[in-house]
Amino acid sequence: MAEGIKTIAQNRKARHDYTIDETYECGIELLGTEVKSFRDGKISFPDSWAEVVAGEVWLRSLVVAENPFSSVFNHDPERKKRLLLHKEEIKRINRKVEEKGFTLIPLSFYFKRGRVKVELGLCKGKKAYDKRAGIREKDLKRDIEREFRHGLR
């Protein structure tokens, strides 16, 4: 990755279950104790998704573990978080999401210049035969690379 970027977590399951049409880099509105949990990597987002409500993009089902060192002032682990995007991007995303079959899925979380960023994907669900074809292609590619390495020896 580029310099100054530290990956926190990636959603590999989303890349298997969905075809990704477009990706967007967006900021996320967090509380102080949530940032500490992000730094420790204590997040869970296998079923998380985003929605556009009243011109704002909200991230749902992201669980950020409570920080054990902050006493009374801890955050709600399952609260919805607002994503920070430009208005034109939100309008474009909203038009796509209103089409049949598109959804917003967080693909990865990372730090960029000290700020937490989300790679948000505009995705469409894969059918079972698409998944099998993807697995078959991956296996063929792995076999070709293996044969190539053995041919070099």
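Residues numbered from 1 in each chain as written. Predicted model: local features only at pLDDT ≥ 70, side-chain atom pairs only at ≥ 80, totals over all residues. Heavy atoms only, no water.

A. Structural view of unusual backbone geometry. The phi torsion at S61 lies on the positive side, around 60°, for a residue other than glycine. Its place among the elements puts S61 in the loop between strand 5 (56-60) and strand 6 (63-64). Residue R113 is not a glycine yet carries a positive backbone phi of 55°. Mapping R113 onto the fold places it in the loop between strand 8 (102-112) and strand 9 (115-125). (Helix = DSSP H or I, 4+ residues; strand = E, 2+ residues; numbered from the N terminus.)

B. The pattern of salt bridges, seen in detail. The final tally for this structure, using the stated rule, is eight salt bridges. We note a salt bridge from E29 to R82, for which the minimum N-O separation is 2.5 Å. Note that E29 is positioned in the loop between strand 2 (18-28) and helix 2 (32-40) and R82 in strand 7 (residues 81-84), a separation of 53 residues in sequence. Taking the relative accessible area as the measure of exposure, R82 reaches 25% and is therefore partly exposed. For E51, the salt bridge identified is with R60, shortest N-O distance 3.0 Å. Since its relative accessible area comes to 27%, R60 is described here as partly exposed. (Salt bridge = Lys/Arg side-chain N within 4 Å of Asp/Glu carboxyl O. Buried < 20%, exposed > 50% of the residue type's maximum accessible area, 1.4 Å probe, protein only.)

C. How the structure looks around the state of the cysteines. Counted according to the given criterion, the structure contains zero disulfides. Not part of a disulfide, C26 finds its nearest cysteine sulfur in C123, a span of 12 Å. (Disulfide = S-S within 2.5 Å.)

D. Focus on the packing of aromatic side chains. Applying the stated rule across the entire model yields one aromatic pair. Aromatic side chains F38 and F109 sit 5.6 Å apart centroid to centroid with 55° between the ring planes, which places their arrangement in the tilted category. Of this pair, F38 sits in helix 2 while F109 sits in strand 8, placing them 71 residues apart in sequence. In this pair, the class of F38 matches that of F109, namely buried. (Phe/Tyr/Trp six-rings, centres within 6.5 Å; stacked < 30°, edge-to-face > 60°.)

E. Expanded view of the nonpolar core. Counting residues in each nonpolar core, the largest one holds 26 residues, and the members touching the most others are I28, F38, L83 and F109. Listed by contribution, the elements that provide at least two residues to this core are strand 1 (5-10), strand 2, strand 5, helix 3 (87-98), strand 8 and strand 9. Each residue touching L83, except ones within four places of it in the same chain, is listed here: C26, G27, I28, A50, V57, L59, V118 and L120. (Core = buried A, V, L, I, M, F, W, Y, C linked by side-chain atoms within 4.5 Å. Contact = heavy atoms within 4.5 Å.)

F. Structural view of the pairing of strand 5. Where strand 4 (residues 49-53) meets strand 5, five bridges bridge the pair, whose relative direction is antiparallel. Residue pairing for strand 5: V53 is matched across the bridge by E56. Hairpin remark: strand 4 followed by strand 5, antiparallel, with two residues in the connecting loop; positive phi at A54, about 55°. In terms of strand pairing, strand 5 meets strand 7 through three bridges, oriented antiparallel. By the bridge assignment, V57 is partnered in strand 7 with L83. (Pairing = 2+ DSSP bridges.)

G. Representation of helix 2 within the structure. Within the span of helix 2, buried status applies to T33, E34, S37 and F38. For helix 2, the buried positions fall inside an angular range of 145° around the axis, keeping them on one side. Packing partners of the buried residues in helix 2 comprise strand 1, strand 3 (43-44), strand 6, strand 7, strand 8 and strand 9. (Arc of directions from axis to C-beta.)

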